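# Descriptive structure summary
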Amino acid sequence: LIGKHAAARLGSNVFWMGRSNFFVLAGSGVQVIPCPVWDTVFQDLNTAYQHKSVALANTPFNEIWFMFPRASTGATEPDFYVKYNTVEGEWDYGALDRSAGIDQSILGQPIYASSQGVIYEHEVTNDAAGQAINSYFTTGDAQLSEGQDVMMIDWVLPDMRWTTQQGTQSAAIQLTFFSKYYPGDTPQVHGPYTV
């Protein structure tokens, strides 16, 4: 265990962050959790303050959050997270200052606290402490074929709702394309184009 608060229970399983891996104690014993974002955590962990790392459960979404201080930012308190969805087996990560929390409260949803002592109830609105959340996703490279063929995008057919829930018809998205001729090239940026 990397720190005394780096373990959390989700259902009948216990998850924890070790010094070089993530683990789960389940019915079949202790197992290492395969982690495709391992470098994001353990190559940027501020080892002088690793004992302040925290694990937090989010039962309504079947998630375990691991918060830790990054060396690249010089953080002395947890300022980054990796999140593991135990049902889908998927990982997520990003910057977030949380240093303590409880899974479910009398109010229902998880309550987490920042290192500055601000208390947040998670999973109750579509914003982040009153600020709009900019959603985005990035796909992987698309390859046409081996050889001399070059792909050209002539038309994009979005498959989404063009309105906010119970709101106005003024929703907009921005599309940005990245292109390159060879796998090792630096991508060229095209856009963003507002749709």
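Above this text is the structure in question.
The structure presented is a predicted model; accordingly, all values stated were derived computationally and were not measured. (Residues numbered from 1 in each chain as written. Predicted model: local features only at pLDDT ≥ 70, side-chain atom pairs only at ≥ 80, totals over all residues. Heavy atoms only, no water.)

Regarding its fold elements, the protein presents one helix and 15 strands. Split into buried and exposed, the 195 residues of the protein put 28% on the buried side. Considering only contacts within the protein whose residues lie at least 6 apart along the sequence, 33% involve residues at least 24 apart. Just so you have it, the protein exposes about 13300 Å², and 52% of that area is on carbon and sulfur atoms. (Helix = DSSP H or I, 4+ residues; strand = E, 2+ residues; numbered from the N terminus. Buried < 20%, exposed > 50% of the residue type's maximum accessible area, 1.4 Å probe, protein only. Contact = heavy atoms within 4.5 Å. Areas by Shrake-Rupley, 256 points an atom, 1.4 Å probe, with all protein chains shown as cover.)

Should the charged atoms of two oppositely charged side chains come close, the side chains can pair. Considering all chains together, one arrives at four salt bridges under this definition. Salt-bridge contacts for K52 lead to E77; the nearest nitrogen and oxygen are separated by 2.8 Å. Residue K52 is found in the loop between α1 (38-42) and β5 (54-58), and its partner E77 is found in the loop between β6 (63-68) and β7 (80-85); the two are separated by 25 residues along the sequence. Here K52 falls in the partly exposed class, since its relative accessible area comes to 28%. A residue is classified by how much of its surface remains accessible, and E77, at 29% relative accessible area, is partly exposed. (Salt bridge = Lys/Arg side-chain N within 4 Å of Asp/Glu carboxyl O.)

This brings us to the side chain of R70. With respect to the element layout, R70 can be found in the loop between β6 and β7. Filtering out sequence-adjacent residues up to four positions away, R70 remains in contact with D44, N46, A75, D79, F80 and A95.

With antiparallel pairing, the three strands of this open sheet are ordered in space as β9-β10-β11. One side of each edge strand has no neighbouring strand; the edge strands of this open sheet are β9 (100-102) and β11 (119-121). Sheet twist, expressed as the mean angle between neighbouring strand axes with direction ignored, is 20°. Two strands pair when backbone bridges link them, and β9 and strand β10 (residues 111-113) are joined in this way by three bridges, in the antiparallel orientation. Counterpart to A100 in the pairing with β10 is A113. (Pairing = 2+ DSSP bridges. Axes fitted to C-alpha atoms, helices over the stretch in contact; angles between N-to-C directions.)

Position of R98 relative to the elements: it lies in the loop between β8 (90-95) and β9. R98 sits 30 residues away from F68 along the chain, and the two C-alpha atoms are 8.8 Å apart. Not counting the four nearest positions on each side in its chain, R98 is found in contact with M67, P78, Y112, A113, S114, Y120 and H122.

The biggest cluster of nonpolar side chains holds 23 residues, and the ones touching the most others in it are F15, M17, F22, F66, V82 and W91. Elements supplying a minimum of two residues to this core: β1 (7-10), β2 (13-17), β3 (22-26), α1, β5, β6 and β7. The residues contacting W91, other than those within four sequence positions of it, are F22, I33, P34, C35, P36, V37, F66, V82, K83 and Y84. Grouped together as the second largest cluster of nonpolar side chains are six residues, V54, L56, W65 and Y81 included. (Core = buried A, V, L, I, M, F, W, Y, C linked by side-chain atoms within 4.5 Å.)

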